[in-house]
Amino acid sequence: MSTFLWLIFILFSLLILVARKQGLKAFFGLFINLCAIFLLIVLINWQFNVYLVTILISFGILAVSIYLSADNQKVTNYAFTSSLIVLAIVIILIIPINYVANVQGFATESSEELEGLLLSVGLNFSNIAFIVTVIASLGAIAEASMAISADLNELIESTPEITTASLYKQGIIIGSQIIGTALNTLFFGVLGDNLTLAMFYMRLNYTFAQLINDKLVVAAILDLLIAMIGVLLTIPVTILIVSRGHIKNGSLNKKNSN
């Protein structure tokens, strides 16, 4: 526990030292989102509707993550709107994919740890899989939408004569630069979380066929792929939201050439 508290103290100190006021807001946002996750667990345990609770909590997490990360109201509004649209698309994808994949619940490798425990806890593990996949996608979606929205807004303000067609081209260029780092962040995050599991499988001499059909591996890959799809969808959706917003405000030229 003391190590945990020391790490939190170091994180807080570095946030204040590096980002000052923005760092304090980021730390406060982390605390609020941690409370939101705890609230999600409590509400699910109380048998509230899983889909409604997950959507509402996800809405709150996105709001906190985005609105506490920047002071520009226009940028945060665009990012939040695009994030909600992408979240809705991701949720629509998750429901049938989790149903077809059937990776909910515990795997064979968990049997030893679960031995002697009561498993009749009254929870639908399909719903738990849905929650995990949605929550795993939120951070990447919020980060990508904020990055693109901020860059495009700065581009429009620095180049008032830019056209819609040019903005779309620049948005794709910005998005392609973000994709590499975002996808690598997701990939190595999932790999790091499951590295011990991978080494365990290697020691058991699992074949490739056994590996790609293992429930834990498939669940991790599905979470990763859905989060990556969310990031990729965020790019065109954010470009569209930002361009339409600036056209409506009269700060973007609708013509196709300067």
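Computed from a predicted structure; not experimentally measured. (Residues numbered from 1 in each chain as written. Predicted model: local features only at pLDDT ≥ 70, side-chain atom pairs only at ≥ 80, totals over all residues. Heavy atoms only, no water.)

A few points about the overall build of the protein
So, point 1. The helix and strand inventory of the protein stands at 10 helices and 0 strands.
So, point 2. Listing the helices and strands of the protein from first to last along the sequence gives α-α-α-α-α-α-α-α-α-α.
So, point 3. Taking all 258 residues of the protein together, 36% fall into the buried category.
So, point 4. Entry remark: accessible area of the protein is about 15400 Å², with carbon and sulfur atoms responsible for 69%. (Helix = DSSP H or I, 4+ residues; strand = E, 2+ residues; numbered from the N terminus. Buried < 20%, exposed > 50% of the residue type's maximum accessible area, 1.4 Å probe, protein only. Areas by Shrake-Rupley, 256 points an atom, 1.4 Å probe, with all protein chains shown as cover.)

Comments concerning the layout of surface pockets
So, point 1. Each pocket or cavity is described by its volume, and for the largest pocket that value is around 620 Å³.
So, point 2. If you trace the largest pocket, you find 31 residues lining it, with Val132, Thr133, Ala136, Ala219 and Asp223 closest to the centre.
So, point 3. Listing elements by their share of the lining of the largest pocket, those giving two or more residues are helix H2 (21-45), helix H3 (50-67), helix H6 (125-158), helix H7 (164-193) and helix H10 (215-249).
So, point 4. Counting residues per element, the lining of the largest pocket draws most heavily on H6, which supplies 10 residues. (1 Å grid on protein atoms, 1.4 Å probe; cavity = no way out; pocket = protein on both sides within 12 Å on 5 of 7 lines; lining within 4 Å. Points joined across faces, edges and corners; volume = space filled by probe spheres on them.)

Here's the deal with the confidence of the model for the protein
So, point 1. Mean pLDDT for the protein: 82, with 88% of residues reaching 70 or above.
So, point 2. The element-level mean pLDDT for the protein is lowest in helix H5 (residues 111-114), coming to 51, with H3 highest at 93. (pLDDT = per-residue confidence, 0-100.)

Points about the packing of aromatic side chains
So, point 1. Going through the model one piece at a time under the given rule, you end up with 6 aromatic pairs.
So, point 2. Look at Tyr51 and Phe130: their rings are 4.7 Å apart centre to centre, the planes differ by 55°, and that puts the pair in the tilted class. Of this pair, Tyr51 sits in helix H3 while Phe130 sits in helix H6; the two residues are 79 residues apart in sequence, bridging distant segments of the chain.
So, point 3. A residue is classified by how much of its surface remains accessible, and Tyr51, at 34% relative accessible area, is partly exposed.
So, point 4. Using a relative accessible area of 2% as the deciding quantity, one classes Phe130 as buried.
So, point 5. These aromatic residues form a ring-pair network of at least three members: Phe59, Tyr67 and Phe80. (Phe/Tyr/Trp six-rings, centres within 6.5 Å; stacked < 30°, edge-to-face > 60°.)

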